[in-house]
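# Architecture at a glance
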Amino acid sequence: MSSTPNSSAPIILTGDRPTGPLHLGHFVGSLRNRVTYQDTYRQFVMLADAQALTDNMDDIGKVHRNVVEVALDYLAVGIDPARTTILIQSQIPELTELTFYYLNLVTVARLERNPTVKQEIIMRGFERDIPAGFLTYPASQAADITAFKASVVPVGEDQIPMIEQCNEIVRKFNRTYGGERDILVECKAIVPEVGRLPGIDGRAKMSKSLGNTINLGASADEIRAAVKQVYTDPLHLKVSDPGHLEGNVAFIYLDAFDTDKAGLEEMKAHYTRGGLGDSVVKKRLEGILQDLLAPIRARREEFAKDRGQVLQILKEGTLKAREVAAQTTDEVRKALGLSYF
């Protein structure tokens, strides 16, 4: 096992809203990268439970239940608490304090113009009934990032405006209150090579709320049933028909998970010229997903036997993270002239 990166390594912050167990989309978009990042970065992984409440106040139990469920997924895929600091957002009050200060550095109009926020508002159907906590998410995310002085933040393409707004807040704070040195650190977004996975039904996003996911803890039978439902080419009615790859979820998943690229290219060529049935493609996909998820499921089940130990891991990581956040918050208070004693 690789050792923990030294204290001079770049700091990276990433995380998830604990609103349900994690799925293949999370694995491709972030989780497998996090396992690699912990070798070269000082990595903080956040369970963003406080942020999840901004649009789940009518079902807070869902958030509570899934803190441990998501932590189990982290441990099962190989995120090592000895090399990665796993923390619970709500248990670090300094993040809320920083958010409060940063809200004075951004206007409501600027928050409403943020493309990511605008899209999320439309997707959730808020119209003008926008929870204030949801609208101010960019300031909250800036607090999360700057508290740990993260210089790198992995995000999807749709989240880049959030990083840009974070850096706007950082620059304004440093320019106005930093004096001779910058107190807050600007960050850069890194976008994973493999983009967002579509749902098994062909929709643009694999989403817990849409029920079109394959969870990391899925049983062998659940994987088999899900693969049977995977969207392919609706025009490929007979085996002899030429098939299309564009929008074909089975091949999108194979691109993401099949390590035999030469064999996959042969299968694609056969499919597009005709003579290859969807059932053969799905059989290959199922085999790959069964092999991928079986060891993850086994590790998850093992960790789940002692949930108290999982909570202890979260407690230790959160205490460690709070020390870092408290140091940054102290520097911010001093810059704002709020240190009286």
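Structural data are supplied above this passage.
Notes on the structure follow.

Reading the values: rules and limits
- Residues numbered from 1 in each chain as written.
- Predicted model: local features only at pLDDT ≥ 70, side-chain atom pairs only at ≥ 80, totals over all residues.
- Heavy atoms only, no water.
- Helix = DSSP H or I, 4+ residues; strand = E, 2+ residues; numbered from the N terminus.
- Rg over C-alpha atoms; globule rule 2.2 N^0.38 Å.
- Buried < 20%, exposed > 50% of the residue type's maximum accessible area, 1.4 Å probe, protein only.
- Contact = heavy atoms within 4.5 Å.
- Areas by Shrake-Rupley, 256 points an atom, 1.4 Å probe, with all protein chains shown as cover.
- Lys, Arg positive; Asp, Glu negative; His and termini not counted.
- Charge placed at Lys NZ, Arg CZ, Asp CG, Glu CD.
- Phe/Tyr/Trp six-rings, centres within 6.5 Å; stacked < 30°, edge-to-face > 60°.
- 1 Å grid on protein atoms, 1.4 Å probe; cavity = no way out; pocket = protein on both sides within 12 Å on 5 of 7 lines; lining within 4 Å.
- Points joined across faces, edges and corners; volume = space filled by probe spheres on them.
- Nonpolar A, V, L, I, M, F, W, Y, C, P; charged D, E, K, R; others polar.
- Core = buried A, V, L, I, M, F, W, Y, C linked by side-chain atoms within 4.5 Å.
- Expected span 1.5 Å × (residues − 1).
- Bend = angle between axes of the 7 residues up to and from the residue.
- Polar contact = N/O pair within 3.5 Å; in protein donor to acceptor, adjacent residues only side chain to side chain.
- Pairing = 2+ DSSP bridges.
- Right-handed = clockwise from strand over helix to strand, strands pointing away.
- Salt bridge = Lys/Arg side-chain N within 4 Å of Asp/Glu carboxyl O.

Within the protein chain one finds 14 helices and five strands. Its C-alpha atoms give the protein chain a radius of gyration of 22 Å, within 12% of the compact-globule value 20 Å for 341 residues. Expressed as lengths along the three principal axes of its C-alpha atoms, the size of the protein chain is roughly 80 × 45 × 40 Å. With 341 residues in all, the protein chain has 50% of them scored as buried. Restricting to contacts in the protein chain with at least 6 residues of sequence separation, those with at least 24 account for 77%. Element-wise, carbon and sulfur atoms account for 53% of the exposed surface of the protein chain, whose accessible area totals about 16700 Å². One finds the centroid of the 41 positive side-chain charges in the protein chain at a distance of 1 Å from the centroid of its 45 negative side-chain charges.

Within the structure shown, the criterion is met by eight aromatic pairs. Relative to Phe-134, the ring of Phe-126 has its centre 5.2 Å away and its plane inclined at 75 degrees; by these criteria the two rings are edge-to-face. Look at Phe-126 and you get buried, because its relative accessible area is 15%. Taking the relative accessible area as the measure of exposure, Phe-134 reaches 6% and is therefore buried.

With that out of the way, let us pick up the layout of surface pockets. Estimates place the volume of the largest pocket at around 1600 Å³. Class assignment of the residues belonging to the lining of the largest pocket gives a composition of 18 nonpolar, 17 polar and 13 charged. Estimates place the volume of the second largest pocket at around 250 Å³. As for the second largest pocket, its lining consists of 14 residues, and the residues nearest its centre are Ala-50, Gln-51, Thr-96, Thr-99 and Ser-140. Counting residues per element, the ones that place at least two in the lining of the second largest pocket are helix H2 (49-52), helix H4 (93-102) and helix H8 (137-147).

A few words on the nonpolar core. Nonpolar side chains tend toward joint burial in soluble globular proteins. Residues Leu-24, Leu-47, Tyr-74, Ile-214, Leu-216, Tyr-253 and Phe-257 are the most contacted members of the largest nonpolar core, which totals 49 residues. Once you skip the residues sitting within four places of it in the chain, Tyr-253 turns out to touch Leu-197, Pro-198, Gly-199, Ile-200, Met-206, Val-230, Asp-258 and Leu-285. One finds Ala-48, Tyr-101, Ala-139 and Cys-166 within the second-largest nonpolar core, a separate group that totals 32 residues.

This part is about helix H13 (residues 278-304). In this model H13 runs 36 Å from its N-terminal to its C-terminal C-alpha over 27 residues, within 8% of the 39 Å that 1.5 Å per residue would give. Where H13 bends most, the angle comes to about 30 degrees, and this point is Leu-293, followed within four residues by the proline Pro-295. Elements in contact with the buried residues of H13: helix H1 (24-37), helix H3 (60-77), helix H10 (220-228), helix H11 (249-257) and helix H12 (261-273).

With that out of the way, let us pick up the environment of Glu-168. Structurally, the position occupied by Glu-168 is in helix H9 (residues 160-177). A relative accessible area of 33% places Glu-168 in the partly exposed class. When the C-alpha atoms of Glu-168 and Ala-142 are compared, they prove to be 9.5 Å apart, with 26 residues separating the residues in sequence. A polar side-chain atom of Glu-168 sits 2.9 Å from a polar atom in the side chain of Arg-110.

Where burial is concerned, most of strand E1 (residues 11-16) is hidden: five out of the six residues are buried. Where E1 lies against strand E2 (residues 42-47), six bridges are found, and the strand directions are parallel. The partner of Ile-11 across the bridge, within E2, is Arg-42. One crossover worth recording links E1 to the parallel E2 by way of H1, and it is right-handed.

Look at Lys-149: it is not a glycine, yet its phi comes out positive at around 55 degrees. Examined against the element boundaries, Lys-149 turns out to sit in the loop between H8 and strand E4 (152-154). Using a relative accessible area of 24% as the deciding quantity, one classes Lys-149 as partly exposed.

With that settled, the discussion passes to the pattern of salt bridges. One pass over the structure, following the stated rule, counts 23 salt bridges. Between Glu-69 and Arg-307 there is a salt bridge whose closest N-O contact spans 2.9 Å. Of this pair, Glu-69 sits in helix H3 while Arg-307 sits in helix H14 (residues 307-335), and the two are 238 residues apart along the sequence. A relative accessible area of 19% places Glu-69 in the buried class.

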